[in-house]
Amino acid sequence: MAALKIKKGSTSHSAYNLRPNFSDEIETHTLAVLVDNEPGVLARVIGLFSGRGYNIESLTVAEVDHTGKLSRITIVTTGTPQVIEQIKAQLGRIVPVHDVHDLTVEGPAVERELALFKVTGSGDKRVEALRLADIFRANAVDSTLESFVFELTGAPEKIDAFAELMRPLGLVEVARTGVAALSRGAE
Amino acid sequence: MTRQMTGAKMVVQALKDQGVDTVFGYPGGAVLPIYDEIFQQNDIRHILVRHEQGAVHAAEGYARSTGKVGVALVTSGPGATNAVTGLTDALLDSIPLVVLTGQVPTFMIGSDAFQEADTVGITRPCTKHNWLAKETDTLSETLHQAFHVARSGRPGPVLIDIPKDVQFASGTYTAPEKSDTSIYEPETKGDITAINELVEALEKAERPVFYTGGGVINSGPKASKLLRELVDATGIPITSTLMGLGAYPASGENWLGMLGMHGLYEANMAMHDCDLMINIGARFDDRITGLISAFSPGSTKVHIDIDPSSINKVIKADIPIVGDVESVLTDILKVWKARGRAVNREAIAKWQEQISDWRKVECLKYTQEGKTIKPQYALARLEALTKEHDRYITTEVGQHQMWAAQYLGFEDPNRWMTSGGLGTMGYGTPASIGVQVAHPDSLVINVAGEASWLMNMQEMGTAVQFRLPVKQFILNNERLGMVRQWQELLHGERYSHSWSEALPDFVKLAEAFGAKGIICSDPDDLDEAIMEMINYDGPVIFDCLVEKHENCFPMIPSGKPHNEMLLGEASTQGAIEAGGAVLV
Ligand SMILES: Cc1cc2nc3c(=O)[nH]c(=O)nc-3n(C[C@H](O)[C@H](O)[C@H](O)COP(=O)(O)OP(=O)(O)OC[C@H]3O[C@@H](n4cnc5c(N)ncnc54)[C@H](O)[C@@H]3O)c2cc1C
Ligand SMILES: Cc1ncc(C[n+]2csc(CCOP(=O)(O)OP(=O)(O)O)c2C)c(N)n1
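Per an unreviewed UniProt entry, chain B goes by the name Acetolactate synthase and belongs to Shimia marina. Per UniProt, chain B carries the Sequence similarities (unreviewed entry) text "Belongs to the TPP enzyme family." In the Catalytic activity (unreviewed entry) part of its UniProt record, chain B is described as follows: "2 pyruvate + H(+) = (2S)-2-acetolactate + CO2".

Under an unreviewed UniProt entry, the name given to chain A is Acetolactate synthase small subunit, and the organism recorded is Shimia marina. Regarding chain A, the relevant UniProt record gives this comment under Sequence similarities (unreviewed entry): "Belongs to the acetolactate synthase small subunit family." Listed in UniProt under the heading Subunit (unreviewed entry), the comment for chain A reads: "Dimer of large and small chains."

Take a look at the structure:
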């Protein structure tokens, strides 16, 4: 299993930094976990988080390599640096886990989420909702005379901001996919 | 070579190809095809236990005393759920096991079929890995992978759930050497830069101590040999956890005794005051650290462990080394010798003097007087009368377990089998059976408390059936002694349900099983009774009636630092505060 092959002399830019600086501050990290897409693998990962009392802020999973049957699980989690290090080491122990990347320490990363918003209303509010959607580059993927469904892609903060703006304008339902993330650059 | 055979036959073939000679098991509907194959061969011995928990603990005893993978075979549903405690025990103590469970046929899974349980779901958190074998064609490869995962890296229990139709169907058998084990390849070689750093620290240290654990035993006998070489060449004192006893001999010059909650005064003081702590295959368990913020405040900490998740989990390591003990010790010795075998002899001599002063406290002192046997005395006599034997010890859980660790001396690894991490009462009897199966001519003794012993006493039937001369040495205080001790110290002496009432007559019980029973209550008769037990050629239940209210000391109360140890009755008044009482 690749994940247990700790890089020698790991630095703070490695997912397996064995000499971290422990502080009590809660940090948010985005982890990309490559796993064999076999039955139960998601249960192993989620069971690890619930069993050991770690947080899951967001979780996405899908097969990314159909021939190699590999899935990519993207997890956004929070904890002290010590807890984050534990989470990575514990994930690395799971047999079908190939690799764990901490995108938050491994350099800049792109994070995107897709969300759908159902906004109902009429008159000024409806016009304002449509105008804001335009500013956010959200698409209306369904419309009736009293409602829109907007589709928006972006960083989680952008999704949050849009939701805040829609709330007084008749937001009734939101569906979010959770974060998908990749490191920037050629590596 | 590939061959066609049924799934059931594959199971037996794979066990043979993995060098398995013994399986502990209990049959049922969902494993009948496998039992049918076992019936038709003579290479693998099947030991019929009396309860599936017993099968798993017996496999643990077998594994720990041989260094091999232990194997258990149980049926679906209740067979599998009965195995859960044993699996959890093996997971916490890093014992390599392969447990095979039967399952309802694939086409009935999910229908609440008779004796159906979601075994893979139930055992996911208590195994290192598990599989549901859905196809006969891949079953043999899964079996070989299971053995590989169980014994590689940090060892642990794995489970394969095999539906009955998969056992009946035919498929292609894959030999071990053709199986893909690249699915799991843990790093075993330590980072040489860190090893150099460690050697430099070791050369300069004024108050160094080795803190060793179960990882040394897991690594194999060669690791113990290298450890002895390093300790003796450097003259650095060494302590061990409960799980690592025997890696360094108890008669060794630098031996401090066990450390931790019920460890020796000198061991805990050395840990607290050292300037260099070299942890080899131990995991900073809470029985060891006590109050974390006050744990060995002045030391540089080296941590050698094969599992990256053990490092920095509890205590921050200044010099972390991920690797197998044997490999890392080989490199340490190489580097240290090449650099000129230096240590700070002068400072270490002073440190040894300090340690001698701590030894003078004689923290294990007790007085045997009157007509009641002190449990410590019983174990001291057991030690004296059995230490020259080819001896293996198992234990149950409680005060007797701690006294056994304190008063028995272990000269070699793999001689001491105890449930450390989970603390499973009922472990010792089946474990002693597993050990005796592996070492038929050795003296195997289970040091037990009467309450623990009752938890898996049905396994006496197994001992009698298979002529396994295990000695059940019960320190009978008619109390759940360890619980009673905590109630005395933490709960105002309110002894809520911590006594053993309506105990059986152990001599009659032994006879009912077809074993020998011995009872002893007089210290003057003890030696003779122990000799009778040793010399009896068959299983024995020894009912040793001991002092009922003896407490186990030394004791570091939960939530206290190492240097605030309770040494005896006089020091216990108000020693444990409310903050410590929430801890276990
Ligand atoms: C009633 C009771 C009281 C107890 N009191 C005490 C006490 O006073 N003192 C005490 O010591 N214990 C005590 N224990 C036991 C305690 O709970 C723990 O089980 C024990 O301390 C853990 O031992 P360990 O650190 O050696 O780790 P183990 O559980 O043996 O773990 C081994 C470590 O070594 C690593 N490892 C495994 N294989 C290798 C390898 N090949 N190479 C390198 N590393 C490897 C593993 O990853 C792991 O981190 C008590 C238990 C009970 C039930
Ligand atoms: C299965 C299980 N249940 C409960 C406990 C809690 N427990 C720890 S020690 C102990 C008492 C053990 O009594 P006994 O076996 O007589 O040993 P003693 O402490 O008296 O030597 C109990 C109940 C446990 N460790 N395991």
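Let's pick the thread back up.
As a further point, take the site of ligand 1. All names here are of chain B. Around ligand 1, the surrounding shell holds 37 residues, and the nearest of these are Thr 241, His 262, Arg 283, Asp 305 and Asp 324. Within the backbone of Ile 306, one N or O atom sits 3.2 Å away from a nitrogen atom of ligand 1. With respect to ligand 1, the backbone of Gly 421 contributes an N or O atom lying 3.1 Å from an oxygen atom. In isolation ligand 1 exposes 990 Å². Once the protein is present, 96% of that is buried.

Turning our eyes to something else, we now look at the UniProt feature "domain: Thiamine pyrophosphate enzyme N-terminal TPP-binding" (unreviewed entry) in chain B. According to UniProt, the "domain: Thiamine pyrophosphate enzyme N-terminal TPP-binding" (unreviewed entry) feature falls on residues 5-120 of chain B. Spanning residues 5-120 of chain B, this segment combines 43% helix with 19% strand, and its end C-alpha atoms are found 25 Å apart.

Glancing now at the packing of helix H12 (residues 265-273) of chain B against helix H15 (residues 345-359) of chain B. A pair of packed helices is characterised by two quantities: the angle between their axes and the separation of those axes. All names here are of chain B. Interhelical geometry of H12 versus H15 gives an angle of 140° and a closest axis separation of 8 Å. The angle between H12 and H15 places the two elements in the oblique class. Crossing hand, H12 versus H15: right-handed. In contact with Tyr 265, Glu 266, Met 269, Ala 270 and Asp 273 of H12, H15 contributes Trp 351, Trp 358 and Arg 359. In terms of residue class, the contact of H12 with H15 is built from five nonpolar, no polar and three charged.

Thresholds applied
- Residues numbered from 1 in each chain as written.
- Chains lettered and ligands numbered in written order.
- Predicted model: local features only at pLDDT ≥ 70, side-chain atom pairs only at ≥ 80, totals over all residues.
- Heavy atoms only, no water.
- UniProt positions renumbered as here; feature names shortened; annotations may be inferred.
- Near = heavy atom within 4 Å.
- Polar contact = N/O pair within 3.5 Å; in protein donor to acceptor, adjacent residues only side chain to side chain.
- Areas by Shrake-Rupley, 256 points an atom, 1.4 Å probe, with all protein chains shown as cover.
- Helix = DSSP H or I, 4+ residues; strand = E, 2+ residues; numbered from the N terminus.
- Axes fitted to C-alpha atoms, helices over the stretch in contact; angles between N-to-C directions.
- Parallel < 35°, antiparallel > 145°, perpendicular 65-115°, else oblique.
- Left-handed = near helix turned anticlockwise from the far one by under 90°.
- Contact = heavy atoms within 4.5 Å.
- Nonpolar A, V, L, I, M, F, W, Y, C, P; charged D, E, K, R; others polar.

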